[in-house]
Amino acid sequence: MSTDHHHNPGFIAKYVFSVDHKVIGIQYAVTALLFLFFGFCLMMMMRFQLAYPGEEIPVIGGLLAGALDPDTGGFLHNLAASLVSSDGFLLPEGYNVLGAMHGTIMVFLGVVPLAVGGFGNYVMPLQIGAPDMAFPKLNMASYWVFLAGGIVMLVSFFLPQGAAQSGWTSYPPLSVISPGQTMWLIGMVLLITSSLLGSVNFIVTIIHLRAEGLSFFRLPFFVWAQFVTAFLLLLAFPPLEAAGVLQLMDRVAGTSFFMPTGLVVANEVLNVAGEGNPLLWQHLFWFLAHPEVYVLILPALGIVAEVIANNTRKPLWGYRSMVYSTIFLGFMSFIVWAHHMFMTGMGETMSIFFQTTTMIISVPSVIILTALVISLWGSSIRFTVPMLFALSFLPMFAIGGLTGLPLGLAAADIHLHDTYYVIGHFHYVVAPGTLMALFAGIYYWYPKATGRKMNTMLGHMHFWGSFIFLNAVFMPMFFQGMAGVSRRLYDQTLYYHGDAVQSLTRMSSWGAWCLGIAQIPFIINFFASLWMGKKANDNPWEATTLEWSTPTPPPHGNFTTVPVVVCGPYEYSPPDKPDGFTPQMTANA
């Protein structure tokens, strides 16, 4: 398939309002990385307050306190007034703002856009031999709606009422009466719309635009992960979008979908129509938010599978069992949501049902993880930088999954609910787990996107710093949680006396700050390698999947000849070529 007939669009059309899936993937990835950095900075401010309560935040506290001068006015004054006191101390309501926006930004503006919008958009069409996504303009629209949602979230910091304070879960009735939540809801509606546009595009593209010979069981596991993820987004997000609109109406139109009768606020009965049900929001939210966990995990598993197969030089062990487990995982993710709601008094029968489904859903995760571990058996492993990140994902994800089992049992959850144990569990899945996989993907596909390799020494510095300090941040939280420390506290020393709890808190905080320093080699490596990185050929990792059969970087249209697939995705070290590999594609001129 020749690409000579394609015209050369101008800079704006090619790099800003592009319909090329590769440019859109890079737009998603870079934007998501910036949001991840911003969300991480919010967390570091929270960690200082927890480690050193009642002390001025270094640098930031003084700058924000200076903006409180009545003569300053404007946006900066609004930002400072919602976060700090005149002495530069973080206010309790400011701590709530940071907590709510950290969770929202990291999940909905960081990890999901990077895993699905970034890697999915860039890699998936290449791996199935497609010239582009099925609906390129819809693809472009999904990015710009996502960016609009992100901008709305950021702008909320500078408005008079400040940003959202009701947590990333936005539970009513607090979220309906507290300031800042309106912009959060508008932003969420935009972000959900973006995901729906993208998910439809992914499903249609994978079904209809696969290359000749690329049957479903010749798809790379990464494509299967994105395929199931797209169905999760398509089916789970609409209930939350509807709930977001209903809560927005409760705030601005005087409805009471989630507002109960007789609610007392500031010693006065709130004048609303009543008869709303706050638990309805929890059901609608968690019906999305548990599939959302697998929206985070599945693309990460797909990346790790690609990197492990390539660096063990072996086919993935149990490829079909991994595919079936992924499909079953997606299905089961829709019937476990209420294990987040054991404390709502749902009754013994329903508790037993959701406990049972929660235990069942752990089985396919274990199958996938076991298959990846067995794939390492007997291999002569290449310890490249992507492989180091992929290998670290396995135990980190295992710790996250294993520590989640007690939370799926009502008896244990009563004691652990809303403690730091929950924070540790979830973050081991998403931070030491999913983020390590995403870094593996960046190092692995960077040469394909840019034509240059990232620096290995800086990559090792980034890996070891991240691996050590991620564990330093989150491992102490399990012990805090089992000691009963609440995740909501602005100042733990008011409730938990003695040095033990505060020592663990400070360990987590110092780990977080050191983790931030550990990202400096990555930032330098990411940008410096664009100009100074070692030039890469079309297939620097000697990989088998279709994206490595394109020129580097891939041109508009991706393939210079029509791809025809002749074998499975992981034909490494075949009997006739023990040290070689068989690419999936042959050229069909």
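Relevant structure appears above.
**Q** Please explain the packing of aromatic side chains as it appears in this structure.
**A** To describe a pair of aromatic rings, you give the distance between the ring centres and the angle between the ring planes. By the definition in use, this model includes 50 aromatic pairs. With a centroid separation of 5.4 Å and 65 degrees between ring planes, the pair formed by Tyr-421 and Phe-478 is classed as edge-to-face. Note that Tyr-421 is positioned in helix 15 (residues 420-450) and Phe-478 in helix 16 (residues 456-482), a separation of 57 residues in sequence. For the ring pair Tyr-428 and Phe-478, a centre distance of 5.5 Å and an interplane angle of 25 degrees mean the geometry is stacked. Of this pair, Tyr-428 sits in helix 15 while Phe-478 sits in helix 16, and the two are 50 residues apart along the sequence. An identical accessibility class is assigned to Tyr-428 and Phe-478; each is buried. Grouping aromatic residues by their ring pairs yields a cluster made of Phe-389, Phe-439, Tyr-443, Tyr-446, Phe-463, Trp-464, Phe-467, Phe-522, Phe-526 and Phe-527. Arg-210 extends its terminal NZ or CZ atom over the ring of Phe-216, reaching a point 4.1 Å from the ring centre.

**Q** It is not clear to me how a nonpolar patch on the surface should be interpreted in this structure. Could you clarify?
**A** On the surface, Phe-37, Ile-523, Phe-527, Leu-530, Trp-531 and Met-532 cluster together into a nonpolar patch covering about 700 Å² of accessible area. Structurally, Ile-523 is set in helix 18 (residues 520-532).

**Q** I tried to follow the pattern of salt bridges on my own but got confused; where do I start?
**A** A pair can form between side chains of opposite charge whenever their charged atoms are brought close. Tallying each qualifying case throughout the model produces three salt bridges. Across the pair Asp-418 and Arg-487 runs a salt bridge, and its minimum N-O distance is 3.6 Å. Of the two residues, Asp-418 is situated in the loop between helix 14 (410-416) and helix 15 and Arg-487 in the loop between helix 16 and helix 17 (499-518); the sequence distance between them amounts to 69 residues. Assessed through its relative accessible area of 25%, Asp-418 is described here as partly exposed.

**Q** What exactly am I supposed to notice about helix 17 here?
**A** Each α-helix turn comprises 3.6 residues. Residues three or four places apart therefore point the same way. The first and last C-alpha atoms of helix 17 sit 28 Å apart over 20 residues, in line with the 28 Å expected at 1.5 Å per residue. Those residues of helix 17 that fall on the buried side of the exposure criterion are Val-501, Gln-502, Thr-505, Ser-508, Ser-509, Gly-511, Ala-512, Trp-513, Leu-515, Gly-516 and Ala-518. Against the buried residues of helix 17 lie helix 2 (21-51), helix 16 and helix 18.

What counts and what doesn't
All residue numbers here refer to positions counted from 1 along the written sequence of the relevant chain. For a predicted model such as this one, the threshold for reporting local features is a pLDDT of at least 70, and the threshold for listing and counting side-chain atom pairs is 80 or more; totals across whole chains, interfaces and linings nevertheless cover every residue. No hydrogens and no water enter the side-chain calculation; it runs on all heavy atoms of the structure. Between 30 and 60 degrees the pair is tilted, below 30 it is stacked and above 60 it is edge-to-face, where a pair is any two Phe, Tyr or Trp rings, Trp via its six-membered ring, whose centres lie within 6.5 Å. Helical segments are the DSSP runs of H or I of at least four residues, strand segments are the runs of E of at least two, and each set is numbered from the N terminus. The buried label goes to any residue with under 20% of its type's maximum accessible area, the exposed label to any with over 50%, and the partly exposed label to all in between, with areas taken from a 1.4 Å probe on protein chains only. We call a charge positioned over a ring when the NZ of a Lys or the CZ of an Arg lies within 6 Å of the ring centre and within 35 degrees of the ring normal. Only residues whose relative accessible area exceeds 30% and that take part in no salt bridge are eligible for patches, with like-charged residues grouped when within 9 Å of each other and nonpolar side chains (Val, Leu, Ile, Met, Phe, Trp, Tyr) grouped when within 5 Å. We get accessible surface area from the Shrake-Rupley algorithm with a probe of 1.4 Å; when it comes to residues, only the shown protein chains can shield them. The working definition used for a salt bridge is a side-chain nitrogen of Lys or Arg within 4 Å of a carboxyl oxygen of Asp or Glu. Here the expected span of a helix is defined as 1.5 Å times the quantity of residues minus one. Pairs of residues are marked as contacts when any of their non-hydrogen atoms sit within 4.5 Å.

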